[in-house]
Amino acid sequence: MNPPPPVAEVHQFTIDEVVAQLRTLGVRGGGVLLVHTSFRAVAPIECGPEGLIAAFRLALGDDGTLVMPTMTDGETVFDRASTPTHAMGITAETFWRQPRVLRSTHPSGSFAAAGPLASHICAPQPLSPLHGRESPPGRVYDLGGQVLLLGVGHSENTTLHVAEAIANVPYSVSYPCLISVGERVENVMIAETDHCCENFAKMDAWLRDSGLQREGKVGNAHARLCASRDIVAIALEQLSEDPLVFLCPRSRACVECDAARDSVDRA
Ligand SMILES: [Zn+2]
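From a predicted model like this one, the values you see are computed outputs, not experimental measurements. Sequence order as written defines the numbering, with residues in each chain counted from 1. The predicted nature of this model means local features are confined to residues of pLDDT at least 70 and side-chain atom pairs, given and counted, to a pLDDT of 80 or more, with totals for whole chains, interfaces and linings taken over all residues.

J.: Can you walk me through helix α1 (residues 15-25) in this structure?
T.: Every buried residue of α1 is listed here: V18, V19, Q21 and L22. The buried residues of α1 all sit within an arc of 160° when viewed along its axis, so they share a single face. Against the buried residues of α1 lie α3 (48-60) and β8 (214-218). Phi turns positive one or two residues past the end of α1, at G26, with a value near 120°. Working definition of burial: number of other C-beta atoms within 10 Å of the residue's own, with buried at 20 or more, exposed at 12 or fewer, and partly exposed in between, all C-beta atoms being placed from the backbone. Only DSSP runs of H or I with at least four residues qualify as helices, and only runs of E with at least two residues qualify as strands; both kinds are numbered from the N terminus onward. Directions pointing from the helix axis toward each C-beta atom define the arc. Throughout, a pair of residues is in contact if the C-beta atoms placed from their backbones lie within 7 Å.

J.: Would you explain the packing of α1 against α3 in this entry?
T.: When two helices pack together, their arrangement is given by the angle between the helix axes and the distance between those axes. Axis angles are defined between N-to-C directions and span 0 to 180 degrees, where every axis is a line fitted to C-alpha atoms and, for a helix, only to the segment in contact. Look at α1 against α3: their axes get within 9 Å of each other, and the N-to-C directions meet at 50°. As judged from the angle between their axes, α1 and α3 are oblique. At the point where α1 passes α3, the crossing takes the right-handed sense. Facing α1, whose interface residues are I15, V18, V19, L22 and R23, α3 presents G51, L52, A54, A55, F56, L58 and A59. Ten residues, namely Ala, Val, Leu, Ile, Met, Phe, Trp, Tyr, Cys and Pro, are considered nonpolar, four, namely Asp, Glu, Lys and Arg, are considered charged, and the remaining ones, Gly among them, are considered polar. Classifying every residue of the contact of α1 with α3 by side-chain character gives ten nonpolar, one polar and one charged. The cut-offs work like this: below 35 degrees is roughly parallel, past 145 is roughly antiparallel, 65 to 115 is roughly perpendicular, and the gaps in between are oblique. Crossings are sorted by hand: turned counterclockwise from the far helix by less than a right angle, the near helix makes the crossing left-handed, and turned clockwise it makes it right-handed.

J.: How should I be thinking about the nonpolar core in this particular structure?
T.: Considering soluble globular proteins, one finds that nonpolar side chains tend to be buried as a cluster. The term nonpolar core refers to a group of buried residues, namely Ala, Val, Leu, Ile, Met, Phe, Trp, Tyr and Cys, whose C-beta atoms join them within 7 Å. With 65 residues, the main nonpolar core has L33, F56, V67, A113, L148 and I231 as its most contacted residues. When residues of this core are assigned to their parent elements, the largest contribution, six residues, is made by α3. If sequence neighbours within four positions are ignored, I231 has contacts with V147, N157, T159, L160, A163, M203 and C226.

J.: Before we go on, may I ask you to explain the sheet that holds β8 in this structure?
T.: The strands making up a sheet associate through hydrogen bonds between their backbones, and the pairing can be parallel or antiparallel. Here seven strands make up an open sheet; going across it, the order is β3-β4-β2-β1-β5-β9-β8 and the pairing mixed. Sheet topology places β3 (102-103) and β8 at the edges, where each strand pairs with a single neighbour. At least two DSSP bridges between two strands are needed for those strands to be called paired. As paired strands, strand β5 (residues 146-150) and strand β9 (residues 221-227) are joined by five bridges and run antiparallel to one another. Paired with V147 across the two strands is C226, which belongs to β9.

J.: What exactly am I supposed to notice about the pairing of strand β2 (residues 65-69) here?
T.: A regular strand places its side chains on the two faces of the sheet in alternate fashion. With five of its five residues buried, β2 lies for the most part within the structure. Here β2 shows a buried face lined by T65, V67 and P69 and a second buried face lined by L66 and M68. Of the pairings in the sheet, the one linking strand β1 (residues 32-37) to β2 comprises three bridges and is parallel in character. The residue bridging L33 from the neighbouring strand is L66, located in β2. Two elements, β2 and strand β4 (residues 111-114), share four bridges in a ladder whose sense is antiparallel. Paired with L66 across the bridge in β4 is A114.

J.: Explain the packing of helix α7 (residues 159-167) against helix α9 (residues 228-241) here, please?
T.: Viewed as axis vectors pointing N to C, α7 and α9 meet at an angle of 50°, and their least axial separation amounts to 9 Å. In terms of orientation, α7 lies oblique with respect to α9. The handedness of the crossing between α7 and α9 comes out as right-handed. For the pair formed by α7 and α9, the contact residues are T159, L160, V162, A163, I166 and A167 on the first element and S228, I231, V232, A235, L236 and L239 on the second. Grouping the constituent residues of the contact of α7 with α9 by class yields ten nonpolar, two polar and no charged.

Structure representation (structure tokens):
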């Protein structure tokens, strides 16, 4: 029998190495950092998702505030102390369950935060818009925070929904969400600027051309780091030229973007 082919060694990053990578990328000590991440792309890392979270917090220091999305599916009444995240990844799911991490109250669009500005970022917000100025990513924008996309692209970047809210884009799609009103449970429709979000990837070229996106490696993942205000400013420029710039053309037959386009035609 032939021996099995050699398996390529994948380097397991130590927490200190990840901290150094985050600093080289430009993560600001004492700042506010909103992270969207795919742990699978970053791994392997010492201590797994807990190790990655520890690296974020060490890079930020005691004066820094870490923020992650912990959105839920709206199919059960949201309890910020027990409802698991939906499609947010193991890092965010691990983060909100840690001690001294706050979670905001939106029944489908919650975020978790830890650090001195956590309670401000997680303060109550309107049901709609989900990601407006008065929401955790909107507050990260107002506070001059940074956005880190780690192993994911701009299609996962909730700060672009902040830009859509500020631009008051003409599309909106409503989704049902169970909420408790006193003793009763009600199914409420919540309007969102929703679509497939694939065209958010256009931001890469616009931010690179403007020199406003830093890129590098964190763990094994490709990382993008931007100022939240730069993301919003560039998106607002594009939205002022074409308010539907982030929607797929009708010719793509994208169900989600067509629903968003239909909402404009109805208005
Ligand atoms: Zn689409």
